[in-house]
Structure formats: C-alpha cells, structure tokens
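Chain by chain, the residues:
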Amino acid sequence: MPHDHHDHPHSLLPSDPALRVKALETILTQKGLVDPAALDEIIDTYENRIGPKNGAHVVARAWVDAEFRAALLADADPVLAEMGYYGRQGEHMVVVENTDEVHNMVVCTLCSCYPWPLLGIPPGWYKSDAYRARSVREPRKVLAEFGVALPAETAVRVWDSTAEVRYLVLPQRPSGTEDLDEAALMALVTRDSMIGTGLAVSP
Amino acid sequence: MKPEPVFEAPWHAQLFALTVHLNEAGHFAWPDWAERFGATLKRHGLTRTLNGGDDYFLAWLETLETLLTETGAAEAEALTDMRNAWETAYLNTPHGAPVTLD
C-alpha cells in the first residue's frame, strides 16, 4: 500500500471516521448550515476555557460562603448563571452535597450527559459501558476501584443524569483547611470529587 | 498537575463542535439528540463493550449522520461521495502541502 512507505509520498491519510467528519463539515458548510469559524470557537472554548476549574470555583465558594451554599443547593441554576456557568443545551443543574451520612455519585446510563459548563468534556471512563452499567449496580465496588473507601454507615446515592438534568457533587471540605481562602481551596477540588468518584484532596 | 487532553483525536473535537453548533442553530433539540445517541450506544454495546474513546465517538458519528440524513440536511450518497473525494485529495496531495478538494 502506497501510504505504508516510510517517506510518505502523499499526505497522511486520515482515518475513515475523520474523513466522514470532514465530509459532513464540508457539505453542511456548502449548504450554509455550518460556519467553520463557529466550530473553531466551540473547540477552543472546550479545550482551553471550560474545565473542572469552573466546578472547583463553585465548590470552593460553597465551602467558604454559607449563604451561597444554601442558595446553590436550593436552586443551582440562577446561582451558576450569575457566575457565568450556564449550559449551552439549556439543561437544569442540580448540586448534591456529600455529608457523613451520604456520598453522592453521578453517572449517565443513557449516554454521557455531563455538566459541561462546570467540568468540561467527560473523561473516557465516564463514557465507558463499564462505568455506566456498574456504577448503578455496584457503586461501592466502583468507588473502591477509584480508591474511595467509605465508612460502612455512609450511604451511597447514585444520580442518573439526563439531557435535561445534570448533577454536580459538592464534596466534603477536608479537615484542616479552616485557614485556607477560596483560591487555595480550589486547588483541592478534583474533577473526580465533583463526579463523586473521588474525594477532595487534603492539603 | 498536567491536564489530560480534552479530546483524544482531532476528529472527536470536530465532531463534537459540529453537533453542538447544529444544536445551537436549532437543527435539533438536545434531548432528542441524547435519546438517539443513547439508542446507538445501546445497540453497539450489545455486541461489545465500549471503552468511551474512539468507539464512543464512532457511535456519535453514526447518530449524527443518520439524524442529518433523516432531516434532509445531508444526503447519504452525497456524504459518501464527499468522504471519497477527501480521501482522493489526501492521496493525491504531496506530503506537507495543504490538502484541498478539486
């Protein structure tokens, strides 16, 4: 096959799905349904500007500001909108709080619904069949594989996301962080702790 | 702490952006998309375990192609022709030169 040559006489041939995506983009652009500049803008936003640090910002503020925390748990949408973290798909956000009594964990058994504005694009494991099926069936086992061991008296509650409702876990504030400010606390909030497959890091 | 790459392959990002863009432009509602995509994943998952990487976006691509074919935004035959035209363009373009359609 010519493209197996070491010195690549022609441009490296993209994979079949990559060619199909190019075809879609070309046809839709020709029809005026798609603006290539808008596509670049969306990619740039998700690659560089939206990520778990948005969610960490929300969590850290909830740890230091009781009034904010109460409002966030009561009705997250207006609170998040005020911070600029609203969904592109018009989804409804619900924040669920971890306590000594209950540990929350988020999954999407249907596909991979995820709070994009707060956490960015989901990691591969969140989209895998294994996580989607097992987190509902055997959440404690899945948590153990993520290195999360909970006391026996802590209940595990699994929230199944949909296209309309997305969940963010508010992890417990680690002990010994009383003196830290919002910015320092943000660094303790991992992506996994906001999905519920991890805990906030102790300083 | 080094962040993981957001998209594993450029075409994942391109496909994601295309879908978000079409949704925002009002070509389909997100719940409808999620339902179709979930059905595709379920169908694929019956024969093998999906790992959430390439196979996840392959299911995504199949869903979007089918959806756009059904709405008439893109005809299946035109998509195949365009895919093959891009393949030919890559094969006929010297390495390092920009690849364009004739």
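Residues numbered from 1 in each chain as written. Chains lettered and ligands numbered in written order. Predicted model: local features only at pLDDT ≥ 70, side-chain atom pairs only at ≥ 80, totals over all residues. Heavy atoms only, no water.

## Digging into the overall build of chain B
Piece 1. Within chain B one finds four helices and zero strands.
Piece 2. N-terminal to C-terminal, the α/β element order of chain B is α-α-α-α.
Piece 3. For 102 residues, the compact-globule estimate of 2.2 N^0.38 gives 13 Å, and chain B exceeds it by more than 25% at 16 Å.
Piece 4. For chain B, the spread of C-alpha atoms along the principal axes amounts to about 45 × 40 × 30 Å.
Piece 5. Here chain B holds 102 residues, and the buried ones make up 47% of them.
Piece 6. Counting only carbon and sulfur atoms, one obtains 54% of the accessible surface of chain B, whose full area is about 5,400 Å².
Piece 7. Counting 6 positive and 15 negative side-chain charges, chain B places the centres of these two groups 8 Å from one another. (Helix = DSSP H or I, 4+ residues; strand = E, 2+ residues; numbered from the N terminus. Rg over C-alpha atoms; globule rule 2.2 N^0.38 Å. Buried < 20%, exposed > 50% of the residue type's maximum accessible area, 1.4 Å probe, protein only. Areas by Shrake-Rupley, 256 points an atom, 1.4 Å probe, with all protein chains shown as cover. Lys, Arg positive; Asp, Glu negative; His and termini not counted. Charge placed at Lys NZ, Arg CZ, Asp CG, Glu CD.)

## Focus on the interface of chain A and chain B
Piece 1. Taken together, the contacts link 49 residues of chain A with 56 residues of chain B.
Piece 2. Both faces combined, the contact of chain A with chain B buries some 4,800 Å², and carbon together with sulfur accounts for 69% of it.
Piece 3. If you sort the residues of chain A by the area they bury against chain B, Ser11, Arg20 and Leu24 of chain A come out on top, with a joint share of 12%.
Piece 4. Along the contact surface separating chain A from chain B lie three salt bridges.
Piece 5. Residue Glu65 of chain B pairs with Arg20 of chain A through a salt bridge whose shortest N-O separation is 2.8 Å.
Piece 6. Remark: the boundary between chain A and chain B carries eight residue pairs in polar contact (both at pLDDT 80 or more). (Contact = heavy atoms within 4.5 Å. Buried area = accessible area lost by both parts, 1.4 Å probe. Salt bridge = Lys/Arg side-chain N within 4 Å of Asp/Glu carboxyl O. Polar contact = N/O pair within 3.5 Å; in protein donor to acceptor, adjacent residues only side chain to side chain.)

## Quick notes on helix H1 (residues 10-24) of chain B
All names here are of chain B.
Piece 1. Given a rise of 1.5 Å per residue, 15 residues ought to cover 21 Å, and the 21 Å separating the end C-alpha atoms of H1 matches this to within 8%.
Piece 2. Counting buried positions along H1 yields 13 of 15 residues, so the element is predominantly enclosed.
Piece 3. One or two positions beyond H1, positive phi appears at Gly26, with a value near 90°. (Expected span 1.5 Å × (residues − 1).)

## Re the pairing of strand E2 (residues 102-107) of chain A
All names here are of chain A.
Piece 1. With respect to burial, E2 is a largely interior element, six of its six residues being buried.
Piece 2. The alternating pattern of E2 places Val102, Asn104 and Val106 on one face and His103, Met105 and Val107 on the opposite face, and all of these are buried.
Piece 3. Where E2 lies against strand E3 (residues 155-160), six bridges are found, and the strand directions are parallel. From the neighbouring strand, Val102 faces E3, where its bridge partner is Ala155. (Pairing = 2+ DSSP bridges.)

## Things to note about the domain arrangement of chain A
All names here are of chain A.
Piece 1. In terms of domain boundaries, chain A breaks down into domain 1 (15-49) and domain 2 (53-195).
Piece 2. For domain 1 versus domain 2, the separation of C-alpha centres amounts to 30 Å.
Piece 3. Across the boundary between the two partners, domain 1 contributes four residues, which contact five residues of domain 2.
Piece 4. Both faces combined, the contact of domain 1 with domain 2 buries some 400 Å², and carbon together with sulfur accounts for 51% of it.
Piece 5. Of all residues in domain 1, Ile42, Tyr46 and Arg49 give up the largest surface area on contact with domain 2, accounting jointly for 90% of the area buried on that side.
Piece 6. Taken together, the connections running from domain 1 to domain 2 amount to zero salt bridges.
Piece 7. Connecting domain 1 to domain 2 are zero residue pairs in polar contact (both at pLDDT 80 or more). (Domains from an automatic or database assignment.)

## Quick word on the pattern of salt bridges
Piece 1. Applying the stated rule across the entire model yields 17 salt bridges over all chains.
Piece 2. A salt bridge links Lys31 of chain A to Glu75 of chain B; the nearest nitrogen and oxygen atoms lie 3.6 Å apart. Placement of the pair is Lys31 of chain A in the loop between helix H1 (16-30) and helix H2 (36-49) and Glu75 of chain B in the loop between helix H3 (54-71) and helix H4 (76-92), with the two residues belonging to separate chains.
Piece 3. The exposure class of Glu75 of chain B is partly exposed, given its relative accessible area of 41%.
Piece 4. We note a salt bridge from Arg69 of chain A to Glu97 of chain A, for which the minimum N-O separation is 2.8 Å.

## Looking at the nonpolar core
Piece 1. Core analysis: the biggest nonpolar cluster contains 89 residues, and Leu72 of chain A together with Phe16 and Leu64 of chain B have the highest contact counts within it.
Piece 2. Structurally, this core is a two-domain feature, drawing no fewer than three residues from each of domain 1 (15-49) and domain 2 (53-195) of chain A.
Piece 3. Beyond its immediate chain neighbours, meaning those up to four positions away, Leu64 of chain B contacts Leu24 of chain A together with Leu15, Leu18, Thr19, Leu22, Phe28 and Trp33 of chain B. (Core = buried A, V, L, I, M, F, W, Y, C linked by side-chain atoms within 4.5 Å.)

## As for the packing of aromatic side chains
Piece 1. Applying the stated criterion across every chain yields a total of 24 aromatic pairs over all chains.
Piece 2. The interplanar angle of 50° and the centroid separation of 6.0 Å between the aromatic rings of Phe16 of chain B and Trp60 of chain B together place this pair among those described as tilted. On the criterion of sequence distance, the pair formed by Phe16 of chain B in helix H1 and Trp60 of chain B in helix H3 is long-range, its members being 44 residues apart. In this structure, Phe16 of chain B and Trp60 of chain B share a single accessibility class: buried.
Piece 3. An aromatic cluster is defined as three or more aromatic residues linked by ring pairs; in this entry it consists of Tyr46 and Trp116 of chain A together with Phe7, Trp11, Phe16, Phe28, Trp30, Trp33, Phe37, Tyr56, Phe57 and Trp60 of chain B.
Piece 4. Across from the ring centre of Trp86 of chain B, 4.4 Å away, lies the NZ or CZ of Lys22 of chain A, which sits over that ring. (Phe/Tyr/Trp six-rings, centres within 6.5 Å; stacked < 30°, edge-to-face > 60°. Lys NZ or Arg CZ within 6 Å of the ring centre and 35° of its normal.)

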